[in-house]
Amino acid sequence: MMGREEHLVELVDDGGRVLGETTVAAAHQPPGRLHRAFSVLLVDPDGRVLLQQRAAVKTRFPLRWANSCCGHPLPGQSLADAANRRLAEELGLGPVDLTEVGVYLYYAEDPATGRVEFEYDHVLRAEVPADLPTRPDPDEVADLRWVDPVAVLADLDTDPRAYAPWLGGVVNRLLHPVGVARSGAPADEAPERSGGR
């Protein structure tokens, strides 16, 4: 786990343009540095999404329920390659076909660990079978469950501390996709922002 904290990430501006690079660890130290990330939602034929409960050893928002998988592309790495790498590492899955449904720009401070999330988050979806076989890595994932995305949004209103702070924005992008330009930035509007900035 600590090895990934030394991986490089792309620092970006509000429009997703690359400004430089730093380590994962440095990007998440207060006050945080805006960097490129991705969030994957695996969707079954009934429209349910696979949520993972983040492992207790995670450095940011441990034991919170989050999207199927998330991470950071290495500088210059494609989103699909990066996301499929993390799907294999976290869930033991082979490559899946991914579609970008928008970008969610958010900022969140983790009161438990003191780390910060400040991410230009590409939201990716993949259609998968309901009986998808997974082999979750216990250092990454504490639990998995299939849920209706609308029910997730309702539960976020009643019990927000059970969920990662980015999950609401990610699920909203799934339910209300935005056209995406080649650069990865939404074609018809600015990235959705969280209310916590």
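Above this text is the structure in question.
What counts and how
- Residues numbered from 1 in each chain as written.
- Predicted model: local features only at pLDDT ≥ 70, side-chain atom pairs only at ≥ 80, totals over all residues.
- Heavy atoms only, no water.
- Helix = DSSP H or I, 4+ residues; strand = E, 2+ residues; numbered from the N terminus.
- Contact = heavy atoms within 4.5 Å.
- Areas by Shrake-Rupley, 256 points an atom, 1.4 Å probe, with all protein chains shown as cover.
- Buried < 20%, exposed > 50% of the residue type's maximum accessible area, 1.4 Å probe, protein only.
- Disulfide = S-S within 2.5 Å.
- Axes fitted to C-alpha atoms, helices over the stretch in contact; angles between N-to-C directions.
- Parallel < 35°, antiparallel > 145°, perpendicular 65-115°, else oblique.
- Left-handed = near helix turned anticlockwise from the far one by under 90°.
- Nonpolar A, V, L, I, M, F, W, Y, C, P; charged D, E, K, R; others polar.
- Polar contact = N/O pair within 3.5 Å; in protein donor to acceptor, adjacent residues only side chain to side chain.
- Phe/Tyr/Trp six-rings, centres within 6.5 Å; stacked < 30°, edge-to-face > 60°.
- Lys NZ or Arg CZ within 6 Å of the ring centre and 35° of its normal.
- Pairing = 2+ DSSP bridges.

**As for the overall build of the protein**
When helices and strands are tallied, the protein shows five helices and ten strands. Sequence separation of at least 24 residues holds for 65% of the intrachain contacts in the protein that already meet a minimum separation of 6. As displayed, the protein has an accessible area near 8,900 Å², and 52% of this comes from carbon and sulfur atoms.

**Here's the deal with helix H5 (residues 167-175)**
Taking burial as the measure, the nine residues of H5 include seven buried ones, the bulk of the element. Listed in full, the buried residues belonging to H5 are Leu167, Gly168, Gly169, Val170, Val171, Arg173 and Leu174.

**Some words on the state of the cysteines**
A complete count under the given rule lists zero disulfides for this structure. You can see Cys69 has no disulfide; the closest cysteine sulfur is in Cys70, sitting 6.4 Å from it. Accessibility expressed as a relative area gives 0% for Cys69, which makes it buried. For Cys70, a relative accessible area of 17% puts it in the buried group.

**What about the packing of helix H4 (residues 149-158) against H5?**
Any two packed helices are characterised by how steeply their axes cross, that is the angle between the axes, and by the distance between the axes. For the pair H4 and H5, interaxial distance at closest approach is 10 Å and the crossing angle is 150°. Comparing the axis directions of H4 and H5 gives the class roughly antiparallel. Of the two possible hands of crossing, H4 and H5 adopt the one that is left-handed. Here H4 contributes Pro149, Val150, Val152, Leu153 and Leu156 to the contact with H5, which in turn contributes Leu167, Gly168, Val171, Asn172, Leu174 and Leu175. Across the contact of H4 with H5, the residue classes tally to nine nonpolar, two polar and no charged.

**Remarks on the environment of Tyr163**
With respect to the helices and strands, the residue Tyr163 is situated in the loop between H4 and H5. Measuring from C-alpha to C-alpha, the distance between Tyr163 and Leu63 comes to 8.4 Å, with 100 residues separating the pair along the chain. The contact partners of Tyr163, leaving out residues within four places of it in the chain, are Leu51, Arg64, Trp65, Arg145, Val152, Asp155 and Leu156. A polar atom in the side chain of Tyr163 sits 2.4 Å from the side chain of Asp155.

**Brief notes about the packing of aromatic side chains**
Enumeration according to the criterion identifies four aromatic pairs in this entry. Each residue in the set Phe61, Tyr104, Tyr106 and Trp166 is aromatic and connected to the rest through ring pairs, giving one cluster. The side chain of Arg145 reaches across the aromatic face of Trp65, ending 4.1 Å from its centre.

**Quick notes on the pairing of strand E3 (residues 35-43)**
The buried count for E3 comes to nine of nine residues, which makes it a mostly enclosed element. Burial along E3 is two-sided: the face carrying His35, Ala37, Ser39, Leu41 and Val43 and the face carrying Arg36, Phe38, Val40 and Leu42 are both buried. In terms of strand pairing, E3 meets strand E8 (residues 116-127) through nine bridges, oriented parallel. Residue pairing in the sheet places His35 in a bridge with Glu119 of E8. As judged from the three bridges shared by E3 and strand E6 (residues 69-71), these two strands associate in the antiparallel manner.

**Topic: the environment of Ser68**
Among the structural elements, Ser68 can be located in the loop between strand E5 (65-66) and E6. Separated by 27 residues in the primary sequence, Ser68 and Leu41 place their C-alpha atoms 5.1 Å from one another. Setting aside its immediate chain neighbours within four residues, Ser68 contacts Val40, Leu41, Leu42, Leu50, Gln52, Glu90 and Leu91. Separated by 2.5 Å, the side chain of Ser68 and the backbone oxygen of Leu50 make a polar contact.

Nothing here speaks to function; it is all geometry.
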